[in-house]
Amino acid sequence: MKILYRLYQLVIGVPVLIIVTIITALEVGIGTTIGNGHFWGYYPGRWWAKIILKTCLIPVKVEGRENLEKQQSYVFVSNHQGAFDIFLIYGYLGRNFKWMMKYQLEKIPFVGYACKKSHQIFVDKRGPKKIQKTYETAREILQEGYSVTVFPEGARTFTGHMGKFKKGAFALADELQLPVVPLTINGSFDILPRMRDWHWINWHPLRLTIHQPIYPIGKGPENVEATRRQAYDSVMSALVPEYQGYIENPDQ
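The numbers attached to residues start from 1 for each chain and follow its sequence in the written order. Only residues with pLDDT of at least 70 get local features here, since the model is predicted, and only at 80 or more are side-chain atom pairs given and counted; chain-wide, interface and lining totals rely on the full set of residues. Hydrogens and water are ignored here; the side-chain numbers use all heavy atoms of the structure.

Peer 1: Explain unusual backbone geometry to me, please; I cannot follow it from the model alone.
Peer 2: Excluding glycine, most residues fall at negative phi; most peptide bonds, likewise, are trans. Its identity is not glycine, yet Leu-57 carries a phi of approximately 60°, on the positive side. Looking at the secondary structure, you find Leu-57 in the loop between helix 3 (43-55) and strand 1 (60-63). Located in the positive-phi region is Gln-177, a residue other than glycine, with phi close to 55°. Runs of E in the DSSP output that reach at least two residues are strands. Runs of H or I that reach at least four are helices, and both are numbered from the N terminus.

Peer 1: Looking at this structure, how should I read the pairing of strand 3 (residues 97-102)?
Peer 2: Within a regular strand, side chains alternate between the sheet's two faces. A 1.4 Å probe rolled over the protein chains alone gives each residue an accessible area, and that area as a share of the maximum for its type sets the label: buried under 20%, exposed over 50%, partly exposed in between. Summarising burial for strand 3: 5 of the 6 residues are buried, a large majority. The rule for pairing is simple: two strands pair if DSSP sees at least two bridges between them. The pairing of strand 3 with strand 5 (residues 147-150) spans 3 bridges and is parallel. Each residue of the ladder has a partner; that of Phe-97, found in strand 5, is Ser-147. Note that strand 3 and strand 4 (residues 121-123) share 3 bridges and pair parallel. Across the sheet, the residue bridging to Met-101 is Phe-122, located in strand 4.

Peer 1: Can you help me understand helix 3 in this one?
Peer 2: The α-helix advances 3.6 residues per turn, and as a result positions three or four apart in sequence lie on the same side. An expected span of 1.5 Å times one less than the residue number is assigned to each helix. With 13 residues, helix 3 ought to run about 18 Å at 1.5 Å a step, and its terminal C-alpha atoms sit 18 Å apart, in line with that. Residues Pro-44, Gly-45, Trp-48, Ala-49, Ile-52, Leu-53 and Thr-55 constitute the buried set of helix 3. One side of helix 3 carries all its buried residues, which in axial view fall inside an arc of 165°. Contact partners of the buried residues in helix 3: helix 1 (2-34), helix 2 (37-40), strand 1, helix 4 (84-92) and strand 7 (206-210). The arc in question is traced by the directions running from the helix axis to the C-beta atoms. Any two residues having at least one pair of non-hydrogen atoms within 4.5 Å are treated as being in contact.

Peer 1: Help me out: how do you make sense of the nonpolar core in this one?
Peer 2: Proteins that are soluble and globular tend to have nonpolar side chains buried together. If you look at the biggest cluster of nonpolar residues, it comprises 34 residues, and the most contacted ones within it are Phe-84, Ile-89, Leu-93, Leu-183 and Leu-208. The contact partners of Phe-84, leaving out residues within four places of it in the chain, are Leu-53, Cys-56, Ser-188, Ile-191, Leu-192, Ile-201 and Leu-206. We define the nonpolar core as a collection of buried residues of types Ala, Val, Leu, Ile, Met, Phe, Trp, Tyr and Cys that are connected through side-chain atoms lying within 4.5 Å of one another. In terms of nonpolar packing, the next biggest core, distinct from the first, is built from 25 residues, Val-75, Met-100, Ala-173 and Val-235 among them.

Peer 1: It is not clear to me how the packing of helix 3 against helix 4 should be interpreted in this structure. Could you clarify?
Peer 2: The packing of two helices is summarised by the inter-axis angle and the distance between the axes. Running from amino to carboxyl end, helix 3 crosses helix 4 at an angle of 120°, the nearest separation of the two axes being 8 Å. Overall, the two elements helix 3 and helix 4 adopt an arrangement that is oblique. Crossing angle aside, the handedness with which helix 3 passes helix 4 is left-handed. Between helix 3 and helix 4, the residues in contact are Gly-45, Arg-46, Trp-48, Ala-49, Lys-50, Ile-52, Leu-53 and Lys-54 and Phe-84, Ile-86, Phe-87, Leu-88, Tyr-90, Gly-91 and Tyr-92, respectively. Helix axes are fitted to C-alpha atoms over the stretch in contact, other axes to C-alpha atoms as well, and angles between N-to-C directions run from 0 to 180 degrees. Each angle is binned into one of four classes, with values under 35 degrees roughly parallel, values over 145 roughly antiparallel, values of 65 to 115 roughly perpendicular, and all other values oblique. By definition, turning the near helix anticlockwise from the far helix through less than a right angle yields a left-handed crossing, and turning it clockwise yields a right-handed one.

So this is what it looks like as structure tokens:
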């Protein structure tokens, strides 16, 4: 079965990935230029993610959508198991949001172009002015009624286990007094671990768990730290036993 799945990836999966990515990038570029930026900045990417997962024959299960209110802005925080985290959240979270992502991703062909045109938030820490601009952009998005999604570990895991959560996303939520929603991803590390980028993918189900929102109980450092700890514990609680427990990530 492994040989057949790899042959399928080569003959069908890779061509579909390339074609759909190019079409989506062009669609986002044209759509955001002439139309509603928030629509064209989200829905083509959502369809792109779903098509890729369906083409890869990856089954997806989502738990906890009932925890979200329709008109509420959220700061979503998730563990970062692997590249397929992007497809899972983008395709199946079911909320119009912007990513907070490393500025280096802007250099990826077609994907970087689409992200820039759709006003995703590039996190640039190369100096105080760039950091300030990142947070100003995120504030504007949240104040317009949309949500943002962050990987607070800042880097993909090497082991499947979680590293530490940095406080940036939680400080942003604290400043605007918005709820934080923890997300737990299971299966992405088993499909394509970081150490095997650009290799064959493995077939494995994906599961996204949407936890109950964590509402602010005050404002300031104590609320930031309390929210960070609670979000971390929530994400950890839904991981499969194999990846339970903290392991330091040297890339953080």
